[in-house]
Amino acid sequence: MTEENNNHFNGNDYNELDKETLFIVSQTFKALSDPTRIRIIHLLTNQEYSVNEISEKLGLLQSTVSHQLRFLKNLRLVKYRREGTTMYYSHDDEHVVDLLEQAIIHAQHL
């Protein structure tokens, strides 16, 4: 963490967050508050998968996976590439992966 970023968290030269930043942060935590979305993002940290592969690996309905991926894509937490008629999804933000990993470590440490 840079000195500038560290100051933001330790109270030195505190600046109120702007509305857009607050909204994005709250939406990110909203995305990470759902167990199904956590499972999907966690799976996508290792490699990319198609909707069918995600559905099969996590034991979820394809419609459920598609719905959750749409939500995550709109927040730019996952991205996709098309190969023929198949869409392959992967995580789109290393920061969110880091947040998720830290939360998992915290949960397992308790």
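Before reading on, note that the structure itself is shown above.
Nothing here was measured: the structure is a model prediction, and the numbers come from that model.

Enquirer: Please provide a residue-by-residue account of the packing of helix H3 (residues 35-44) against helix H5 (residues 62-74), values included.
Expert: H5 packs onto H3 with a crossing angle of 80° between their chain directions and a minimal axis gap of 10 Å. With respect to H5, the element H3 is oriented roughly perpendicular. The residues of H5 that touch H3, namely those facing Thr36, Arg37, Ile40, Ile41 and Leu44, are Thr64, Val65, Gln68, Leu69, Phe71 and Leu72. Looking at the contact of H3 with H5 residue by residue, the class counts come to seven nonpolar, three polar and one charged.

Enquirer: Mind laying out the packing of helix H4 (residues 51-58) against H5, listing which residues take part and the relevant values?
Expert: Running from N to C, H4 and H5 cross one another at 115°; their axes reach a closest spacing of 9 Å. Every pair of crossing elements has a handedness; the one defined by H4 and H5 is right-handed. Counting all contacts with H4, which are made through Val51, Asn52, Ile54 and Ser55, the residues of H5 involved are Gln62, Val65, Ser66 and Leu69. Of the residues that constitute the contact of H4 with H5, the class distribution is four nonpolar, four polar and no charged.

Enquirer: Explain the side chain of histidine 91 to me, and be specific about the residues and the numbers.
Expert: With respect to the helices and strands, the residue histidine 91 is situated in strand E3 (residues 86-91). The buried category is assigned to histidine 91, whose relative accessible area is 19%. Apart from the residues lying within four places of it in its own chain, the contact partners of histidine 91 are Leu44, Thr45, Leu77, Val78, Lys79 and Val97.

Enquirer: Explain the nonpolar core to me, and be specific about the residues and the numbers.
Expert: Ile40, Leu44, Ile54, Leu69, Leu72 and Tyr89 are the most contacted members of the largest nonpolar core, which has 20 residues in total. At the level of elements, H3, H4, H5, E3 and helix H6 (94-109) are the ones that each hand at least two residues to this core. Among the elements that take part in this core, H3 stands out by supplying four residues, more than any other. Apart from the residues within four sequence positions on either side, isoleucine 40 is in contact with Ile54, Leu58, Val65, Gln68, Leu69 and Leu72.

Cut-off values and rules
- Residues numbered from 1 in each chain as written.
- Predicted model: local features only at pLDDT ≥ 70, side-chain atom pairs only at ≥ 80, totals over all residues.
- Heavy atoms only, no water.
- Axes fitted to C-alpha atoms, helices over the stretch in contact; angles between N-to-C directions.
- Helix = DSSP H or I, 4+ residues; strand = E, 2+ residues; numbered from the N terminus.
- Parallel < 35°, antiparallel > 145°, perpendicular 65-115°, else oblique.
- Contact = heavy atoms within 4.5 Å.
- Nonpolar A, V, L, I, M, F, W, Y, C, P; charged D, E, K, R; others polar.
- Left-handed = near helix turned anticlockwise from the far one by under 90°.
- Buried < 20%, exposed > 50% of the residue type's maximum accessible area, 1.4 Å probe, protein only.
- Core = buried A, V, L, I, M, F, W, Y, C linked by side-chain atoms within 4.5 Å.

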